[in-house]
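# A look at the structure
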Amino acid sequence: MTKIAVIVGSTRQGRQTDKLAKWAAQEVGMKADVEVLDLRDYPIPFIDEPISPRYNPDRKPEPETKKWLDKIATFDGFVFVTPEYNRSTSAVLKNAIDVMGHEIDDKPVALVGHGSSGGAQAIANLRMALPGVGAITIPQALFFSDRLADSISDEGELKQELRDKPYGPQEQLSTQVDSLLWYTTALNTARV
Ligand SMILES: Cc1cc2nc3c(=O)[nH]c(=O)nc-3n(C[C@H](O)[C@H](O)[C@H](O)COP(=O)(O)O)c2cc1C
């Protein structure tokens, strides 16, 4: 079965991104195998390697970095869930991308952001960064602009009113996950 990772892009105390990730994972879980990857469980050191990971066949990553890379390599597709910090994605998520070599080559990524403009600039930032490590960002993205604290419970349940809203976040998420799975199937076939 198709394996999708949902990556929590914030490690901050009191973060909100984890709730958004849990909500997204529920939708993915109805359609594919899903695992939430929390960057708190992968304390990757800031990249300090002498050669770009993609161009270093003799690379010897730090143990925590290797654990992350080995995990990423096991998935067929991804949902990156990002906060917006200063019109950008988080440093911790950017670093988790910068350390990648070829583990995510030709694999699809769906983007889910939040912030006052739905994390639009964080998502734009990820659209620029991810092709650098060979990933393919799918055309749609989910810009969650409702206040997360009031919209999604700690368990990842979206408020009923938003769930029922025509063209609201639930419908957008469902459409986006379907698209991610379409690209996952197509790219799995093409990569063989
Ligand atoms: C350092 C910092 C910078 C921020 N910059 C922005 C920003 O540029 N645009 C925005 O919409 N929200 C910004 N915010 C608000 C965050 O979107 C909000 O705190 C959100 O909950 C962050 O996700 P997190 O709680 O999972 O860390 C910023 C928050 C922090 C902590």
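Before reading further, recall that the structure is shown in the block above.
Conventions we followed
- Residues numbered from 1 in each chain as written.
- Predicted model: local features only at pLDDT ≥ 70, side-chain atom pairs only at ≥ 80, totals over all residues.
- Helix = DSSP H or I, 4+ residues; strand = E, 2+ residues; numbered from the N terminus.
- Buried ≥ 20, exposed ≤ 12 C-beta atoms within 10 Å, placed from the backbone.
- Contact = placed C-beta atoms within 7 Å.
- Near = placed C-beta within 6 Å.
- Nonpolar A, V, L, I, M, F, W, Y, C, P; charged D, E, K, R; others polar.

### Description of the overall build of the chain
- Helices and strands together make up the secondary structure of the chain, namely seven helices and five strands.
- Order of helices (α) and strands (β) in the chain, N terminus to C terminus: β-α-β-α-β-α-β-α-β-α-α-α.
- Its C-alpha atoms give the chain principal-axis dimensions of roughly 55 × 40 × 25 Å.
- When the 192 residues of the chain are sorted by exposure, 39% land in the buried category.
- Intrachain contacts of the chain at a sequence separation of at least 6 include 80% that bridge at least 24 residues.

### Considerations on the site of the ligand
- Among the 13 residues in the neighbourhood of the ligand, the closest are listed as S10, R15, T17, P83 and G115.
- Considered class by class, the residues forming the shell around the ligand number two nonpolar, seven polar and four charged.

### With respect to unusual backbone geometry
- You will see that N86, though not glycine, has its phi angle at about 50 degrees, which is positive.
- Classification of N86 by C-beta neighbours within 10 Å gives exposed; the count is 9.
- The backbone phi angle of R87 is positive, close to 60 degrees, even though this residue is not glycine.
- Positionally, R87 belongs in the loop between β3 (77-82) and α3 (91-98).
- Owing to 12 C-beta atoms within 10 Å, R87 belongs among the exposed residues under this scheme.

Without other data, these values stay purely geometric and don't point to any function.
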